[in-house]
Amino acid sequence: SLNKIDLLCLSGGFGTFLRPYSAVKTGLIPFELEPKCVFCGNAALTGAAMTALDDTLVSTCTDLSKKIISYDFENNEIWLDEYLNHIPFPHPNT
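Notes on the structure in this doc start here. (Residues numbered from 1 in each chain as written. Predicted model: local features only at pLDDT ≥ 70, side-chain atom pairs only at ≥ 80, totals over all residues. Heavy atoms only, no water.)

Looking at the overall build of the protein chain
For step 1, the next point in the chain: Across its full length, the protein chain holds five helices and two strands.
For step 2, the next point in the chain: The order of α-helices and β-strands along the protein chain, N terminus first, is β-α-α-β-α-α-α.
For step 3, the next point in the chain: For a compact globule of 94 residues, the expected C-alpha radius of gyration is about 12 Å, and the protein chain comes in at 16 Å, more than 25% above that figure.
For step 4, the next point in the chain: The principal-axis extents of the C-alpha atoms in the protein chain amount to approximately 60 × 25 × 25 Å.
For step 5, the next point in the chain: For the protein chain, the proportion of its 94 residues judged to be buried stands at 12%.
For step 6, the next point in the chain: A separation threshold of at least 6 residues defines the contact pool for the protein chain, and within that pool the share at least 24 residues apart is 64%. (Helix = DSSP H or I, 4+ residues; strand = E, 2+ residues; numbered from the N terminus. Rg over C-alpha atoms; globule rule 2.2 N^0.38 Å. Buried < 20%, exposed > 50% of the residue type's maximum accessible area, 1.4 Å probe, protein only. Contact = heavy atoms within 4.5 Å.)

Brief notes about a nonpolar patch on the surface
For step 1, the next point in the chain: Together, I69, Y71 and F73 give the surface a local cluster of nonpolar side chains, amounting to about 370 Å² of exposed area.
For step 2, the next point in the chain: Relative to the helices and strands, F73 resides in the loop between α4 (57-65) and α5 (77-86).
For step 3, the next point in the chain: Given the relative accessible area of 38%, F73 is considered partly exposed. (Patch = residues over 30% accessible without salt bridge, like charges linked within 9 Å, V, L, I, M, F, W, Y side chains within 5 Å. Areas by Shrake-Rupley, 256 points an atom, 1.4 Å probe, with all protein chains shown as cover. Salt bridge = Lys/Arg side-chain N within 4 Å of Asp/Glu carboxyl O.)

Brief notes about the nonpolar core
For step 1, the next point in the chain: In this structure, L10, L18, A23, V24, I29, L33 and C37 together form the largest nonpolar core, which totals seven residues.
For step 2, the next point in the chain: Excluding its chain neighbours within four sequence positions, the residues that come into contact with V24 are I29, P30, F31 and E34. (Core = buried A, V, L, I, M, F, W, Y, C linked by side-chain atoms within 4.5 Å.)

Notes on the state of the cysteines
For step 1, the next point in the chain: Under the definition given, this model contains zero disulfides.
For step 2, the next point in the chain: This cysteine, C9, is not joined by any disulfide, and C40 carries the nearest cysteine sulfur, 3.7 Å off.
For step 3, the next point in the chain: C37 carries a free sulfur, and the closest cysteine sulfur to it, the one in C9, is 7.9 Å from it. (Disulfide = S-S within 2.5 Å.)

Shown next, in the form of structure tokens:
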């Protein structure tokens, strides 16, 4: 359920170039998640650099990694079918 999501981080290419409003408009995320959405840019690179410069962050990262839930939609055919069927692209005949 969407109310269980506290924060949605868009990272990588999405987090660099796609703003939450655009993610909603294109159907990437539901409208209800827009206020919970933040863009993180290149989060992996930033985190690696920060950890390399501060040894205390290694334990913080280890603790966080145990709490994070990550979903891989890339190979989920059910999600892909649902996503593609709900993208609000205009019909080609309009």
